[in-house]
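Topology and contacts: notes
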Amino acid sequence: ADVNTIKGWMTLEQVSTAFGIPVADILSAFDLPSDTPASTPLKEMESETFDMLLLREWLSEKSLQP
């Protein structure tokens, strides 16, 4: 999957499925509440510690790891 295809309307679950990364890992990486529903659109979670650019960068780095 290409990180540049990630859009704000997408949910955590859609990103998790597309990139094979558990929702819990995404939440943990960005210090988001662990009880955030997987159905939450990314644009609704934007904060000082989470936005689309940061998510794309993080996913890119994860895909480079063996």
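Predicted model only: the values in this text are computed from it and were never measured.

Cut-off values and rules
- Residues numbered from 1 in each chain as written.
- Predicted model: local features only at pLDDT ≥ 70, side-chain atom pairs only at ≥ 80, totals over all residues.
- Heavy atoms only, no water.
- Phe/Tyr/Trp six-rings, centres within 6.5 Å; stacked < 30°, edge-to-face > 60°.
- Helix = DSSP H or I, 4+ residues; strand = E, 2+ residues; numbered from the N terminus.
- Buried < 20%, exposed > 50% of the residue type's maximum accessible area, 1.4 Å probe, protein only.

Next up on the list: the packing of aromatic side chains. Following the criterion strictly, the structure yields two aromatic pairs and no others. Seen from their ring centres, Phe 30 and Phe 50 are 5.1 Å apart, and the 80 degrees between their planes marks the pair as edge-to-face. Linking Phe 30 in the loop between helix 2 (23-29) and helix 3 (52-64) with Phe 50 in the loop between helix 2 and helix 3, this pair joins segments that are 20 residues apart in sequence. An identical accessibility class is assigned to Phe 30 and Phe 50; each is buried. On the accessibility criterion, Phe 30 (7% relative accessible area) is buried. The rings of Phe 30, Phe 50 and Trp 58 are connected pair by pair, giving a single aromatic cluster.

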